Structures are given as C-alpha cells and as structure tokens.
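The residues making up each chain are set out below.
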Amino acid sequence: MMRGSHKGLAAAALLGLGLCWAPAGAQTPAAQAGPVSHAVTIDYESGLILACDRCEEPIPPASMSKLMTLVLVAEALERGDITEDTLVTVSERAWRHGAVSAGSHMFLGLGSQVRVGDLVRGAIIVSANDACVALAEAVAGSEAAFVQRMNDRASELGLTTARFRNVTGLDEEGHQISPLDLARLAAIMIREHPEMYAVYAERSFTFNDRTQENRNPLLGAFEGADGVKTGHTDASGYGLIGSAVVNGQRRIIVFNGARTMAERRERAVNLIRSAFFDYQVREIYAAGEVIGEAQVWLGSRRTAQLVSATPIYAAANQSVFSNLTASIVYEGPVPAPIAADQVIAHLVIEGPGFETVRYPLTAQEPVNRANPFSRALSGIGIAFGGS
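Student: Explain the sheet that holds strand S8 (residues 225-233) residue by residue, including any values.
Tutor: With antiparallel pairing, five strands are arranged side by side in an open sheet as S3-S2-S10-S9-S8. The two strands at the open ends of the sheet, each matched to only one other strand, are strand S3 (49-53) and S8. Across this sheet, the average inter-strand angle for adjacent strands is 5°, counted without regard to direction. Along the sheet, helix H7 (residues 179-192) makes contact with strand S2 (38-43), S3, strand S9 (237-246) and strand S10 (249-258), crossing S10 at roughly 140°.

Student: Account for the layout of surface pockets, naming residues and giving values.
Tutor: If you add up the space inside the second largest pocket, you get close to 310 Å³. What lines the second largest pocket is a set of 20 residues, and nearest its centre among them are Ser63, Ser104, Gly231, His232 and Thr233. Every element with two or more residues in the lining of the second largest pocket is listed here: S8 and helix H9 (261-277). If you tally residues by element for the lining of the second largest pocket, the top one is S8, at five residues. Residue composition of the lining of the second largest pocket, by class: five nonpolar, 11 polar and four charged.

Student: Give a description of the state of the cysteines that names residues and reports values.
Tutor: The full count for this structure, using the stated rule, is one disulfide. One disulfide in the model links cysteine 52 with cysteine 55; its S-S distance is 2.2 Å. Its S-S torsion of approximately -95° makes the covalent link between cysteine 52 and cysteine 55 left-handed. Cysteine 52 gets classed as buried once you look at its relative accessible area, which sits at 0%. For cysteine 55, a relative accessible area of 0% puts it in the buried group.

Student: Run through empty space enclosed by the protein, naming residues and quoting values.
Tutor: Tallied over the full model, the rule gives one cavity of 30 Å³ or more. In this model, the largest cavity occupies a volume close to 50 Å³. Taken together, Ile124, Ile125, Val126, Ser127, Asn214, Arg215, Asn216, Val228, Lys229 and Thr230 form the lining of the largest cavity. Those elements that provide at least two residues to the lining of the largest cavity are helix H4 (116-125) and S8. Per-element tally for the lining of the largest cavity: the top contributor is S8, with three residues. Looking at the lining of the largest cavity, its residues break down into four nonpolar, four polar and two charged.

Student: Lay out the pattern of salt bridges with the relevant residues and their values.
Tutor: One pass over the structure, following the stated rule, counts 14 salt bridges. The residue arginine 54 makes a salt bridge to aspartate 53 at a minimum N-O spacing of 3.8 Å. Between arginine 250 and aspartate 226 there is a salt bridge whose closest N-O contact spans 2.9 Å. In this pair, arginine 250 is assigned in strand S10 and aspartate 226 in strand S8, connecting sequence segments 24 residues apart.

Student: For the side chain of histidine 105, give the residues involved together with the corresponding values.
Tutor: Positionally, histidine 105 belongs in the loop between helix H3 (92-96) and strand S5 (113-115). On the basis of relative accessible area, histidine 105 is assigned to the buried category, the value being 11%. Among the polar contacts made by the side chain of histidine 105, one reaches the main-chain amide nitrogen of phenylalanine 107 at a distance of 3.4 Å.

Student: Go over the nonpolar core, please, and point to the residues and values.
Tutor: Ranked by internal contacts, the top residues of the largest apolar core, which has 66 residues, are Leu119, Phe146, Ile241 and Ile252. Those residues in contact with leucine 119, other than ones at most four positions away along the chain, are Val88, Met106, Leu108, Val114, Ala131, Ala134 and Leu135. The next biggest cluster of nonpolar side chains, apart from the first, holds 25 residues, and it includes Ile328, Val334, Ile349 and Tyr359.

Student: Hey, could you go over the pairing of S2 for me, with residue numbers and the actual values?
Tutor: Buried residues dominate S2, accounting for six of its six residues. Covered by surrounding structure in S2 are His38, Val40 and Ile42 together with Ala39, Thr41 and Asp43, the residues of both alternating faces. With four bridges connecting them, S2 and S3 associate as antiparallel partners. What sits directly across from valine 40, in S3, is cysteine 52. The turn joining S2 and S3, which pair antiparallel and follow one another in sequence, is formed by five residues; a positive phi near 80° is taken by glycine 47.

Student: Break down H9 for me, citing the residues and quoting the values.
Tutor: Its 17 residues give H9 an end-to-end C-alpha distance of 24 Å, which sits within 8% of 24 Å, the value for a rise of 1.5 Å per residue. By the burial criterion, the buried members of H9 are Glu263, Arg264, Arg267, Ala268, Val269, Leu271, Ile272, Ser274, Ala275 and Phe276.

Student: Mind laying out a negative patch on the surface, listing which residues take part and the relevant values?
Tutor: Residues Glu78, Glu84, Glu192 and Glu195 make up a contiguous surface patch of negative charge. For glutamate 195, the location among the structural elements is in helix H8 (residues 194-197). Assessed through its relative accessible area of 74%, glutamate 195 is described here as exposed.

Student: Quick rundown of unusual backbone geometry? Include the residues and the values.
Tutor: The step from glycine 332 to proline 333 runs through a cis peptide bond, and the omega angle for that step is 0°. Note that the residue after alanine 336, namely proline 337, is joined by a cis bond; omega there is 5°. Examined against the element boundaries, proline 337 turns out to sit in the loop between strand S16 (334-335) and strand S17 (343-351). The backbone of asparagine 208 sits at a positive phi, close to 50°, despite the residue not being glycine.

What counts, and where the lines are drawn
Residues numbered from 1 in each chain as written. Predicted model: local features only at pLDDT ≥ 70, side-chain atom pairs only at ≥ 80, totals over all residues. Heavy atoms only, no water. Pairing = 2+ DSSP bridges. Helix = DSSP H or I, 4+ residues; strand = E, 2+ residues; numbered from the N terminus. Axes fitted to C-alpha atoms, helices over the stretch in contact; angles between N-to-C directions. Contact = heavy atoms within 4.5 Å. 1 Å grid on protein atoms, 1.4 Å probe; cavity = no way out; pocket = protein on both sides within 12 Å on 5 of 7 lines; lining within 4 Å. Points joined across faces, edges and corners; volume = space filled by probe spheres on them. Nonpolar A, V, L, I, M, F, W, Y, C, P; charged D, E, K, R; others polar. Disulfide = S-S within 2.5 Å. Buried < 20%, exposed > 50% of the residue type's maximum accessible area, 1.4 Å probe, protein only. Salt bridge = Lys/Arg side-chain N within 4 Å of Asp/Glu carboxyl O. Polar contact = N/O pair within 3.5 Å; in protein donor to acceptor, adjacent residues only side chain to side chain. Core = buried A, V, L, I, M, F, W, Y, C linked by side-chain atoms within 4.5 Å. Expected span 1.5 Å × (residues − 1). Patch = residues over 30% accessible without salt bridge, like charges linked within 9 Å, V, L, I, M, F, W, Y side chains within 5 Å. Areas by Shrake-Rupley, 256 points an atom, 1.4 Å probe, with all protein chains shown as cover. Lys, Arg positive; Asp, Glu negative; His and termini not counted. Charge placed at Lys NZ, Arg CZ, Asp CG, Glu CD.

Put into structure tokens, the structure is as follows:
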C-alpha cells in the first residue's frame, strides 16, 4: 500500500473568517506606531496574539510586575493563609519604601498596623511600594522569601521570561518579564481571581484621610476598560497593562517605552481601540465538535471522526477574513488501531499574507483493527486491483 498526502476540505467556506497568530517579532501597523519599544495585544478568551512588536523579549516591567505580587497575595487569601482583616505590622523595610522614598506609596507609618484589605487596595489602585513589601512580609516572612515564591510560581504558570528580583518593580539588574507573559499573567488574574481583579477598576483609594487616584489612563477614557496596571521607571519608560470588554469580548494590551504620561495615555487608547475595531476573533469549532473524517486502513470502521481537544479560533484583521481557507490534511488512509487521543490529522488554516496555522485533530473514538477475515478480504482486494 502506498500512502501519500491526503488533503480534504474541512470548511469550504470560512467566509468572513480569518486567522492571524502573529509569530514572535511580527510587526503590525498598530504596534509600530509611536515610540513604544515593546507591545502586545491578545484576545483573552482564546489567548491568540493579535499584534506583537518584540512582545516575547524581556523588558524591565516597572510596577507592572506588581501583578505577580498580587497574584500570590490572592492565592494566599484563597488558601486562608491570611484574610482581608489580618493586621500587618509595618516594618522598617516597608516604611522605607513609603513616605521617605521617591516611589509610589500609601504613607504607611513605621510600626503601624494595617489591614491586608487596605494594603491590597493600596498596592493595586495607587501602586504603593510600601504596601507590596508589607504584604510580602505578611505572606512569606520576608521580601526575599516572597520573591522566591514569585519566581517559582511564574515557572509553574509557564511564564518563561519572568525573572523577579523584588516585589515592587523598581529597577534592579535581572528583574524582567516579556509583554506577552505580562498579558498572560493578566489573563490569569482576571480568570482565577475575579474578586481581586474587580479592585483594579476602582478610580481612587483613601487611606488615613489621603485620597490618591488610580493612574490607569484607560479608566473613564475607554468604555468597558476595567484594568489593569501602569508602570514607570527610568529603564522601562511609561508602560501599561490594559484590559477592556466590548460586546462580551475581552482584549488585553501591554506596552512600555512611552516617554510621558500623556504619551502613555494616547498609546493606551489607540491600542485598545485597535484591539477591538481592527480585529475579529471567532470560535469556528468547539472543543469536541466533529470537524471532518479520515479514511482508515484495515480498521473495524472505514473512517474516523476528527475532533479538536480545544476550541479552534480564527482571528484576523477585519479586512482579510474572507481570504482564508481551512482544510483537513493527513497521511492516509490511517492504519488501525487508532487511539482516541491519537493525533492523526491537522486542520490547516491559510491565506495570502498569513503564516499557515495547523491545529492537531484526534479521532473522536478509538478504532480497532479489523478481524482477520476482513483483513484478508482487504488484501485480496488489493491483489486484484481493488482499493
């Protein structure tokens, strides 16, 4: 038996659909505009990258790395290690990150006792460095121990570019993470810790009769914006993790390198608008949905129904959806036996100007080998010119 490439049309009309999973380093018009040195836009539900400008290169993240600090605090709250009413005594180390420093802070008094709930709001809404250190000490005993937990957890979450050296994001050699990993971390916060994520939308925070405003320029400037985190240091420039929901779809943007707060605001609004109005994202097949079939050789059935273990999404610029096609491709007929989780084909989505994307397809159900009599008949058919 000779086997070659078998290509069958899976979706003769992906009319109005397109796919763009941008490779590392791909540059799009939206990402190139202005002085932003690194940027990424992702779709929250699918995780697809809509735009990428050096988005996998590590950057000094400034206060955007506080998102990792707060993920660990959220996990500690959910485990019951601390509660929002736990009182934390402000250490000298935490205090020195406060009013006696040049960084963002919530004016914690040396030796004072502060509720975890207030520290969380200070860390999220006003990016308080003193609050972050106090929370780290409450959870892990010291900032150094907490930082080790940050790095361990980042590794567990698959954030391969993350290397944390402190809990505040202040410039320190080796403190880095890529915009893409920051976007993925934001998705984790949104998905797994919705109660804490809701705090990111609060516009101001009052503590000890001092009110400070949330610096996120998207809040109030773009309808549907509800987070996430600003950042600024000399090494990073002005940056932002932003997120919004429009018509039930959420997008996440991350960038750094803006030269001023005004420039950060302009870039944030432009990128989040582009995320929604320049791109479409659609689910074209649900997880487990039968997409097509593959011919089987010497099996108990002549065909195997093909499914994907995960949803298959298509995402692209609005103008190119109608230019893409989808096909089922496999080497066949596929010899039996076939396991239910065995990849035996791919759904290939391609079109002009786009790199081909391949989604693995598995058999919906196992296919056993045919009984000896059936195999013998198949052999006789081939010997006499059958197929």
